Amino acid sequence: MSNARKSLARVCTLIVAVVAILSFAPRIAGAASTTLFDNTGVLEDTSNAAGVEVGQSFSTGATPVNLTSVAFDWSNGAASSSYSLQLYGSNAGQPFGLMATLASNVAVAPSAQGPTTYPVASPITLFPNSQYFVVVNGDNGGTMGWNFNNSVPATDVSPAPSYVSLVSSDGGATWTPATLPANTNYIMQVVGNTLTVPTISGFTNLSANLGDPNITLAAVALDGVTPVPGAFVYVVENPAVAQVVGDQLMITGVGITSISAQFIPNDPTTYFTATTMSTLVVSIAPPPPPPPPPPPPPPPPPPVTTIVPTTTTTTTVPPTTSTTTTSTTTTTIVPTTTTTTTTTVPPTTSTQPVAGTTVPATVLPVATTSTTSTTSTTTTTTPVTTIPTTIPTPDLGTGSPPALGSNDSLFTSSEGDQLVAHIIAEPGITVGTTQVVVQAVQADPNTEVIVQVHSSPQTLLTGMTDSRGDFSGATTLPVDLTPGEHVITAQAVYHGLPVDVIGAFIESPRDIFTKIVQPAVVSDYEGPHDPRLLRALRFSLPIYDVSSHPRTTEGLIVGGVSLVALVGVGGLGRDSRLLAGTVGARPAEARRKQGKVASAVTKKLKYVKAEHEAWGDSSSTWRHPWTQRLDAAMREWPLRVGKYSALLPRVLVDGSWLRAALGGWSLLTVVLGFALGVVTFFSHFGAPFIPTFTVLGLILCVGILDALAGAVAWIVMTVLSVAGGSVQSWADVRTVLGVGVLVATVPLLAHAIRPLRRYLLSKMSERWERAFDYVMMPIFVAFATSSMAKALNALSGLVIFSPEQLSTIRWLVVIGVMVRLLGEDLVVHLYPERSKQVQPAKLVSPTRRHAVASLVFKFAMYLLVMDPFFGITIRTVGAAILLAIPGVFKLFEDDLPNYTWLHRWLPRGQTNFLFMMLVGSFLSFRILGEGPTAARVASTFIILLIPGVAMGVAEEFGREGDDWTRVWVRRGLGVFTWFTCVGLVTGYLVLFR
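Worth saying up front: this structure is predicted, and the values here are computed from it rather than measured.

(A) Structural context of the overall build of the chain. When its secondary structure is counted, the chain shows 22 helices and 37 strands. Counting across all 993 residues of the chain, residues that qualify as buried make up 49%. Counting every atom, the chain has about 46,300 Å² of accessible surface; 63% of that belongs to carbon and sulfur.

(B) Main features of unusual backbone geometry. A cis amide bond, omega -5°, links Ser 158 with the succeeding residue Pro 159. Note on placement: Pro 159 falls in the loop between strand 9 (148–149) and strand 10 (165–168). For Ser 540, which is not glycine, the phi dihedral falls at a positive 55°. Following the sequence through the fold, Ser 540 ends up in the loop between helix 2 (531–539) and helix 3 (550–567).

(C) The arrangement of the sheet that holds strand 31 (residues 435–440) in detail. Taking strand neighbours across the sheet as the criterion, the 3 strands line up as 30-31-34 in an open arrangement whose pairing is antiparallel. The outermost strands of the open sheet, each flanked by one partner alone, are strand 30 (419–423) and strand 34 (471–476). Recorded for the sheet is a direction-independent mean angle of 10° between the axes of neighbouring strands. Alignment of strand 30 against strand 31, held across 5 bridges, turns out to be antiparallel. Each residue of the ladder has a partner; that of Val 420, found in strand 31, is Gln 439.

(D) Representation of the sheet that holds strand 18 (residues 226–227). Here 3 strands make up an open sheet; going across it, the order is 14-17-18 and the pairing antiparallel. The two strands at the open ends of the sheet, each matched to only one other strand, are strand 14 (199–201) and strand 18.

(E) Region of interest: the side chain of Ser 165. By the secondary structure assignment, Ser 165 is in strand 10. Polar contacts involving the side chain of Ser 165 include one to the side chain of Gln 56, which spans 2.6 Å. Leaving out residues up to four positions away in the same chain, Ser 165 has contacts with Gly 55, Gln 56, Thr 176, Pro 177, Ala 178, Leu 180, Thr 184, Asn 185 and Tyr 186.

(F) Highlighting the packing of helix 17 (residues 848–870) against helix 18 (residues 874–891). Contact geometry for helix 17 and helix 18: axes closest at 9 Å, N-to-C directions at 155°. Looking at the two axes, helix 17 sits roughly antiparallel to helix 18. The two elements helix 17 and helix 18 cross, and the hand of that crossing is right-handed. On helix 18, the residues touching Arg 848, Ala 851, Val 852, Leu 855, Phe 859, Tyr 862, Leu 863, Met 866 and Phe 870 of helix 17 are Thr 876, Val 877, Ala 879, Ala 880, Ile 881, Leu 883, Ala 884, Gly 887, Val 888 and Leu 891. When the residues that make up the contact of helix 17 with helix 18 are grouped by side-chain class, the tally is 16 nonpolar, 2 polar and 1 charged.

(G) Main features of the environment of Ser 683. With respect to the helices and strands, the residue Ser 683 is situated in helix 9 (residues 667–683). Non-local contacts of Ser 683, meaning those with residues more than four positions away in its chain, are made with Pro 691, Thr 692 and Val 695.

(H) Broad picture of the environment of Ser 81. Assignment of secondary structure puts Ser 81 in strand 4 (residues 81–91). What makes Ser 81 buried here is its relative accessible area of 4%. A distance of 2.9 Å separates the side chain of Ser 81 from the side chain of Asn 76, its partner in a polar contact.

(I) Structural view of helix 2. Taken as a whole, helix 2 has its buried residues at Leu 533, Arg 535, Ala 536, Leu 537, Arg 538 and Phe 539. In the core, the buried residues of helix 2 are packed alongside strand 5 (94–108), strand 35 (484–494), strand 36 (497–507), strand 37 (513–522), helix 12 (730–744) and helix 14 (764–796). Positive phi shows up at Ser 540, right after helix 2, with a value of about 55°.

(J) A look at the pattern of salt bridges. By the definition in use, this model includes 16 salt bridges. As a salt-bridge pair, Glu 833 and Lys 836 come within 3.2 Å of each other at their nearest N and O atoms. Of this pair, Glu 833 and Lys 836 both sit in helix 16 (residues 832–837), 3 residues apart, which is roughly one turn of the helix. Lys 836 gets classed as partly exposed once you look at its relative accessible area, which sits at 29%. In the salt-bridge network here, residues are joined through shared partners; they are Asp 530, Arg 532 and Asp 545.

(K) Region of interest: the nonpolar core. The biggest cluster of nonpolar side chains holds 74 residues, and the ones touching the most others in it are Val 781, Phe 801, Val 813 and Phe 913. Per-element tally for this core: the top contributor is helix 14, with 10 residues. Counting residues in hydrophobic clusters, the runner-up holds 33 residues, among them Val 108, Val 120, Val 134 and Met 188.

(L) Up close: the packing of aromatic side chains. Under the defined criterion, the tally for this structure stands at 19 aromatic pairs. With a centroid separation of 5.9 Å and 25° between ring planes, the pair formed by Phe 58 and Tyr 132 is classed as stacked. Highlighted residues: Phe 58 in strand 2 (residues 53–59) and Tyr 132 in strand 7 (residues 131–138), separated in sequence by 74 residues. Across this residue pair, the class does not change: Phe 58 and Tyr 132 are buried. Residues Tyr 899 and Trp 901 carry aromatic rings whose centres are separated by 6.2 Å and whose planes lie at 50° to one another, so their mutual orientation is tilted. Look at Tyr 899 and you get partly exposed, because its relative accessible area is 37%. In this structure an aromatic cluster arises from ring pairing among Phe 72, Trp 74, Tyr 83, Trp 146, Phe 148 and Tyr 186. Sitting above the plane of the Trp 622 ring, Arg 834 keeps its charged end 4.4 Å from the centroid.

(M) Up close: the side chain of Asp 444. Looking at where Asp 444 falls in the secondary structure, it is placed in the loop between strand 31 and strand 32 (448–453). One buried charged side chain, Asp 444, makes no salt bridge at all; its nearest oppositely charged neighbour is Arg 468, positioned 14 Å away. Looking at Asp 444, its side chain comes within polar contact range of the main-chain nitrogen of His 495, at 2.8 Å. Reaching out from Asp 444, the side chain makes a polar contact with the backbone nitrogen of Gly 496 at a distance of 2.7 Å.

(N) Region of the structure containing the packing of helix 11 (residues 707–723) against helix 12. Viewed as axis vectors pointing N to C, helix 11 and helix 12 meet at an angle of 160°, and their least axial separation amounts to 8 Å. Considering their axes alone, helix 11 and helix 12 lie roughly antiparallel with respect to each other. The element helix 11 and its partner helix 12 pack so that their crossing is right-handed. On the side of helix 11, the interface is formed by Ala 707, Gly 710, Ala 711, Trp 714, Met 717 and Thr 718, while helix 12 contributes Val 736, Leu 737, Val 739, Gly 740, Val 743 and Ala 744. When grouped by side-chain class, the residues that make up the contact of helix 11 with helix 12 number 9 nonpolar, 3 polar and no charged.

(O) How the structure looks around helix 10 (residues 693–705). In this model helix 10 runs 19 Å from its N-terminal to its C-terminal C-alpha over 13 residues, within 8% of the 18 Å that 1.5 Å per residue would give. Taken together, the buried positions of helix 10 are occupied by Val 695, Leu 696, Gly 697, Ile 699, Leu 700, Val 702, Gly 703 and Ile 704. Check the buried side of helix 10 and you find it contacts helix 9, helix 11, helix 12, helix 13 (746–753), helix 14 and helix 15 (803–830).

(P) View of the pairing of strand 2. Counting buried residues in strand 2 gives 7 out of 7 residues, a clear majority hidden from the surface. Side chains of strand 2 alternate between two faces, with Glu 53, Gly 55, Ser 57 and Ser 59 and Val 54, Gln 56 and Phe 58 buried alike. Bridging between strand 2 and strand 7 involves 7 bridges; their strand directions are antiparallel. Among the inter-strand pairings, Glu 53 is bridged to a residue of strand 7, identified as Asn 137. Summarising the sheet, strand 2 and strand 10 pair through 4 bridges and their orientation is antiparallel. Bridge pairing links Gly 55 to Leu 166 in strand 10.

(Q) Region of the structure containing the confidence of the model for the chain. Within the chain, residue pLDDT values average 76, and 75% of them lie at 70 or more. Note that pLDDT drops below 50 for residues 304–408; the model gives that stretch 134 contacts with residues more than four away or on any other chain. Throughout residues 570–610 the model reports pLDDT below 50, and contacts reaching past four residues in sequence, or to other chains, amount to 101 contacts.

Parameters at a glance
Residues numbered from 1 in each chain as written. Predicted model: local features only at pLDDT ≥ 70, side-chain atom pairs only at ≥ 80, totals over all residues. Heavy atoms only, no water. Helix = DSSP H or I, 4+ residues; strand = E, 2+ residues; numbered from the N terminus. Buried < 20%, exposed > 50% of the residue type's maximum accessible area, 1.4 Å probe, protein only. Areas by Shrake-Rupley, 256 points an atom, 1.4 Å probe, with all protein chains shown as cover. Pairing = 2+ DSSP bridges. Axes fitted to C-alpha atoms, helices over the stretch in contact; angles between N-to-C directions. Polar contact = N/O pair within 3.5 Å; in protein donor to acceptor, adjacent residues only side chain to side chain. Contact = heavy atoms within 4.5 Å. Parallel < 35°, antiparallel > 145°, perpendicular 65-115°, else oblique. Left-handed = near helix turned anticlockwise from the far one by under 90°. Nonpolar A, V, L, I, M, F, W, Y, C, P; charged D, E, K, R; others polar. Salt bridge = Lys/Arg side-chain N within 4 Å of Asp/Glu carboxyl O. Core = buried A, V, L, I, M, F, W, Y, C linked by side-chain atoms within 4.5 Å. Phe/Tyr/Trp six-rings, centres within 6.5 Å; stacked < 30°, edge-to-face > 60°. Lys NZ or Arg CZ within 6 Å of the ring centre and 35° of its normal. Lys, Arg positive; Asp, Glu negative; His and termini not counted. Expected span 1.5 Å × (residues − 1). pLDDT = per-residue confidence, 0-100.

Dropping the structure here:
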């Protein structure tokens, strides 16, 4: 009886399994229009020991796909288990780069089995001709398994790809083939929607001459012959040759560069992003054609002819023979006239003499006597006239091409690389025959340029620089490269030393690019396994080598010291009097507090009296069920956290202008920040903390409107990065912190430079001040933001922002800050009472103990920031101590003496900024010269910090006092100061060069 029951149980189990499989297949078969993988056949067996990860590959075809669902068939043993289901990209035939978590910690009961389908909430775009992996991760100690069979997977991909079943026992660090029967795969189905790739027309290779007008780029995206709605983003690889704003291509120099046109469709569920490349060649315009020759002179008067018999002795060939003949000689006498002829020798491409050289004189006869006989003719010449023998130097415009991306200012976007290479391709394009363009400028003359690919080393291109040290060339990648990682190197000689430009790419088994790292200048290159190169491949971003950009480092130091002078050393520090004073403050104190972030809470609302009420205070725009609770929270929370941090209260109260006008609706900005933080996970798989430039630009704009929204976006992307295992090194930590500063502190910086909110009375002086805010603040905040973005490249060791993107960031900040200023003005005048209700009347200051902890934290941050620039050395530790000195004085400022005369003479605000810019530029020129080296910057940078530290200490001894009384004279000088500062930060004014 017992055996019969067991047999019956087995039969029932088999029936249940068969029914499950039969019901599983039709349910998922119709999930979407495109099937990428489906082997839901007869159940054979189970695999996967406890705690082992298993992965099953699938591949896309020639068209991109939006993934819509993944299903797999599992079984469990006697113990309770759980599993997670994840989607990975592929690298060298193994799972690489987490793209999405489809299911997390799903609990399964003992002795359970069943198929499960996981729809994708937001479609995930899969690139064409690419391999991906679905990975199941069971918990340790469980008995969860993934069923498999030997059915041939069904697929709409043609030709059908080969599939890989893998197992990992160390958390996905290494993978080995699963021990399954031949031609066996795990039971899985992957479906999606096929996307249409628009074709791009109207975007061809271009040629231009230096000095040509702007070129309008007019690419068009088509679905057959039908235009596809969307927008194009144009990017120029080398800004020294051309720059692009919108669709306008501006010629900036001589050379070769690639231009990419990326089409972003309005309907991403139907169309795929399309990209194409073109090449721009800019040459020096040929010289103008020579002017036409002058008209010939009038004919001379008729000559007088006289016949005179003569006898001439002539020696003929052979030389030993002499013949005497009688002949008639005709003598032509030219009247005495003078004719001046100017002859212009036009330059030519093949026979043009070198400019400034002497050409042999050409003889032109003026009068001749000729004798004619039956034997020979004798010609006698008379005085001659010659053409001028020196050809003037032709005007060739700018002469030799400028250094690529070169700049004359410390504060512009690009250092200027003099050796560049570019792979004219993008992921998804065929590797074989892809073009690689190389250009060297001002290298050592007549030296070799070598381009190689280092899978198995092959030389792709060799050439010699010309007499000026310039070289331009192009080559193609071989068609026989094996799948896997490949390194591109280009090398030229500068100042007797080799300079290396290093890039890399990954080739799939289908001969397409899966990842591309564009070449960049790299010092101390360690070969294909250089950690910097491996990290660049991980993120698909070029390497940023600090040692190769010493002038950028120099500019960041000088600009940073100047910005600290503008903001104030203690702008976010501990100052109880500064925090408390809002109404009834002495005029000098009020002026002193103008540039401090701490005073930006209510300082400029002090003229709004309690009885003052305007239209907005009684309007319905801010009436929302959550308004009252939100107002109460935002009055209380800043005071709670203010005891421990000086920064957090400013972040919380920054969006008070929105809360005053919109009430509870203002939380939409925070929700938007949260959503953008989530989007970072999908915009850059495997590295949410480095989102795409578009997403990062949106977060930056939202953060300008409300620092809390930007901070929320950063917190979300950081949590996703840490939870997903993306943060793996100190460079990643520095990148995370740098992105946080960039997206969450811009409005706080604006507060510190000029007040974002002012309540204007009828005084002309106050209106003048506000007008100055609109023209001054956007420029300086844009400069500070772009400096932070440039520093982020160095902190991460990757080119996160190109020079073109830095320019875009500056414009975004300029527009965003002006919108914020306009909004602040409208709110403070239309909602004066609401403006006081949505924030604390005053902030509290951190205790001295917490201020000391903050100072220690800043010291650690100084070292963390300086590490990629100069390393952790005695010099950098000394620099961190030096930078902390003003903060130490700030802790004890109540006990320090105050000298009113020092306060009167110390430069403040933009005057201090200009002073520090001038001092820093002068010192950098005197110490480092026009061509600083990385070693020279590293050994002397601490000297550039001393003026800023000295000024910060001096401010603590000149905290209060009387200002100059001649307001309009001061403001007139302020206009001059402002224009000088703007000229320096934009690079239009260059000093000490």
